[in-house]
Amino acid sequence: MDAGGTDRSAADGGEGGGIRTALSGLTTRGRSFLAAGIAAAVCAYVLGQSDLLRVGLLLGALPLVCAAVLHRTRYRVAGSRRLSPGRVPAGSEARVHLRVDNVSRLPTGLLMLQDRVPYVLGPRPRFVLDRVEPGGRREVSYRVRSDLRGRFPLGPLQLRLTDPFGLCELTRSFSTYDTLTVIPRVAALPPVRLSGEAKGYGEGRQRSLALAGDDDVIPRGYRYGDDLRRVHWRSTARYGELMVRREEQPQRARCTVLLDTRVVAFEGAGPDSAFEWAVSGAASVLVHMLERGFSVRLLTGNGDAVPGEGADGFAGASQGTADAAGLMMDTLAVIDHSDDTSLSRAYDMLRGGNEGLLVAFFGDLDEEQATVVAKMRQRGGGAVAFVLDSETWAREPADVPGPPAGSDERLRMLREAGWTAVAVPRGATVEEVWRMADHERTTLAAPAGGEGA
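Quick summary incoming for the structure in this document. (Residues numbered from 1 in each chain as written. Predicted model: local features only at pLDDT ≥ 70, side-chain atom pairs only at ≥ 80, totals over all residues. Heavy atoms only, no water.)

**Observations regarding the overall build of the protein**
When helices and strands are counted, the protein shows eleven helices and 20 strands. A total of 453 residues make up the protein; the buried ones form 46% of that total. Within the protein, contacts between residues separated by at least 24 positions form 75% of all contacts whose residues are at least 6 apart in sequence. Element-wise, carbon and sulfur atoms account for 51% of the exposed surface of the protein, whose accessible area totals about 23,100 Å². (Helix = DSSP H or I, 4+ residues; strand = E, 2+ residues; numbered from the N terminus. Buried < 20%, exposed > 50% of the residue type's maximum accessible area, 1.4 Å probe, protein only. Contact = heavy atoms within 4.5 Å. Areas by Shrake-Rupley, 256 points an atom, 1.4 Å probe, with all protein chains shown as cover.)

Shown next as structure tokens:
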């Protein structure tokens, strides 16, 4: 039952199961009738009362007949489910729309509709549908909400059939289900000026110029959005299609977002943990940089990147920006701790990369890992580090007088290596630490010109 799709695999109320399945659907009332009928029949046999025997047979036969009739009832019912939206931030609600169509020529009886959802999304929704006429349709909806990110299955949808006397209930299940993706919370970041992004695609863009002269022009096919003043008419006449000059090659600003996923770097779990804050911060920076036209790459602490991205990451300010953001949000929705204890694999990935802005979210850093992080600083690009001390985040705010003594030493090591390093206090928002990084750069580092981030 895909979003907006239709499932008829369980529409046939007579499929599957035998007489044992039908008898297992007897309700408490139906079992009581059956037990009373058997008892009356036994008493009638012992006492020799034929009238009592008739009553016992009636009481015993009624639930059996209802079970047999309900089991052989063949309702042709189609169901569909639609999620609105299918990708929702943590803490926000999504609405699930259910539709049931009676595609048979016979009306249905009383139907109970139930959708199976994980417990983190709330209780299982149940709806009672009255008689559905032939060709009729019933639509219902319910809301789901999760404070935990992840991918959660919805379904399969179940229909519960019952007889008019309430003696028997049978459940029929559809076969397919949908998936709700709960992505991290994304904060709208203010534009600040960070060093290392001067090679932008907009006002601060740099162009590599080709050699002058028609002989040195390498034309390419016209693409939507190309400046018509760059049309190369000689090549257009030669190839029979519109060609443009490639003497101007804009270089797009690059940004790499590094998320520390080491299990030893974070303590605690839940929506308010340090790791979840780091995931939300990484998501916010990724979306912010994409909207500003950067080529963005997501890198984890064990050196893994988002599947499908290019060598320079996903390009922003283009028609595929929303798809790129969605793909990275889907990755962050299910990202978890890794067993790695070192950031050396991430350093190896960054060492061979192109220059650009590096924004990193780190957990606990010992002296060895702080040394590795210090070497990640690219000579031609800026580097911003948000360091979360998990011990501080794991305690109550009243129990934490200040950051541990070792954290100041780690921040000093990063700053001496050229990082703009910021300690993230518990309870701070992503917008606040983003401004803190800008303030840290302007007060502790030499001002660097460039395009605002």
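On we go from here.
**Structural notes on helix α5 (residues 274–291)**
Under the 1.5 Å per step criterion, the end-to-end length of α5 is 26 Å for 18 residues, consistent within 8% with the ideal 26 Å. In terms of residue burial, α5 counts as a mostly covered element, since 16 of its 18 residues are buried. (Expected span 1.5 Å × (residues − 1).)

**A closer look at the pattern of salt bridges**
Tallied over the full model, the rule gives 20 salt bridges. Salt-bridge contacts for arginine 415 lead to glutamate 440; the nearest nitrogen and oxygen are separated by 3.0 Å. Here the residue arginine 415 occupies a position in helix α10 (residues 405–416), and glutamate 440 occupies one in helix α11 (residues 430–444), the gap between them amounting to 25 residues. On the basis of relative accessibility, which here comes to 14%, the residue glutamate 440 falls in the buried class. Beyond isolated ion pairs, a larger network of salt bridges with shared partners links Arg99, Asp101, Arg137 and Glu139. (Salt bridge = Lys/Arg side-chain N within 4 Å of Asp/Glu carboxyl O.)

**Details of the environment of valine 42**
Along the polypeptide, valine 42 turns up in helix α2 (residues 28–47). The exposure class assigned to valine 42 is partly exposed, which follows from its relative accessible area of 47%. Spatially, the C-alpha atoms of valine 42 and glycine 56 are 8.4 Å apart, while their sequence positions differ by 14 residues.

**Observations regarding the nonpolar core**
Within the largest apolar cluster, 47 residues are counted, with the highest numbers of intra-cluster contacts made by Val257, Leu332, Phe361 and Phe386. Put simply, the parts of the chain that give this core at least two residues each are β15 (254–259), α5, β16 (295–300), α6 (321–334), β18 (357–362), β19 (383–387) and α11. Of all the elements, α5 adds the most residues to this core, at twelve residues. Counting residues in hydrophobic clusters, the runner-up holds 32 residues, among them Leu26, Ala67, Val100 and Leu113. (Core = buried A, V, L, I, M, F, W, Y, C linked by side-chain atoms within 4.5 Å.)

**Quick word on the pairing of β16**
Most of β16 sits inside the fold, with six of its six residues counted as buried. Neither face of β16 is left uncovered, since the one carrying Ser295, Arg297 and Leu299 and the one carrying Val296, Leu298 and Thr300 both have all their residues buried. Examined bridge by bridge, β15 and β16 share six bridges and lie parallel to one another. The residue of β16 that forms the bridge with threonine 256 is arginine 297. Taken together, β15, α5 and β16 form a β-α-β motif whose crossover is right-handed. (Pairing = 2+ DSSP bridges. Right-handed = clockwise from strand over helix to strand, strands pointing away.)

**Some details on the layout of surface pockets**
What the second largest pocket holds in volume is close to 370 Å³. Taken together, 22 residues line the second largest pocket, and the ones lying closest to its centre are Arg185, Pro271, Glu276, Trp277 and Ser280. Broken down by element, the residue count for the lining of the second largest pocket peaks at three residues, all from α5. Looking at side-chain class alone, the lining of the second largest pocket contains ten nonpolar, five polar and seven charged residues. Both domain 2 (77–183) and domain 4 (254–445) contribute no fewer than three residues apiece to the lining of the second largest pocket. (1 Å grid on protein atoms, 1.4 Å probe; cavity = no way out; pocket = protein on both sides within 12 Å on 5 of 7 lines; lining within 4 Å. Points joined across faces, edges and corners; volume = space filled by probe spheres on them. Nonpolar A, V, L, I, M, F, W, Y, C, P; charged D, E, K, R; others polar. Domains from an automatic or database assignment.)

**Remarks on the sheet that holds strand β8 (residues 157–162)**
Across the sheet, which stays open at both edges, the four strands sit in the order β5-β4-β8-β9 with antiparallel pairing between neighbours. Each edge of the sheet is formed by a strand with only one pairing partner; in this case those strands are β5 (126–129) and β9 (169–173). When strand polarity is set aside, the average angle formed by the axes of neighbouring strands in this sheet is 25 degrees. Inspection of the sheet shows strand β4 (residues 111–115) paired to β8 by five bridges, in the antiparallel sense. From the neighbouring strand, aspartate 115 faces β8, where its bridge partner is leucine 157. Helix α3 (residues 50–72) rests against β8 and β9 of the sheet, and its axis sits at about 20 degrees to β9. (Axes fitted to C-alpha atoms, helices over the stretch in contact; angles between N-to-C directions.)

**Examining the sheet that holds strand β3 (residues 93–102)**
Within the open sheet, the three strands sit side by side as β1-β3-β6. Their pairing is antiparallel. Sheet topology places β1 (77–84) and β6 (137–145) at the edges, where each strand pairs with a single neighbour. Here the average twist between neighbouring strands, direction ignored, is 20 degrees.

**A look at α3**
Between its first and last C-alpha, α3 extends 32 Å over 23 residues, near the 33 Å set by a 1.5 Å rise per residue. Within α3, the axis deviates most sharply at alanine 61, by approximately 25 degrees, and proline proline 63 lies no more than four positions further along. (Bend = angle between axes of the 7 residues up to and from the residue.)

**Points about the packing of aromatic side chains**
A complete count under the given rule lists seven aromatic pairs for this structure. An angle of 40 degrees between the planes, with centres 6.4 Å apart, marks the rings of phenylalanine 127 and tyrosine 142 as tilted. Of this pair, phenylalanine 127 sits in strand β5 while tyrosine 142 sits in strand β6, and the two are 15 residues apart along the sequence. Each member of the pair phenylalanine 127 and tyrosine 142 is classed as buried. Look at phenylalanine 266 and phenylalanine 275: their rings are 5.2 Å apart centre to centre, the planes differ by 70 degrees, and that puts the pair in the edge-to-face class. By relative accessible area, phenylalanine 275 is classed as buried at 2%. Lying over the aromatic face of tyrosine 347, lysine 375 brings its terminal NZ or CZ to 5.2 Å of the ring centre. (Phe/Tyr/Trp six-rings, centres within 6.5 Å; stacked < 30°, edge-to-face > 60°. Lys NZ or Arg CZ within 6 Å of the ring centre and 35° of its normal.)

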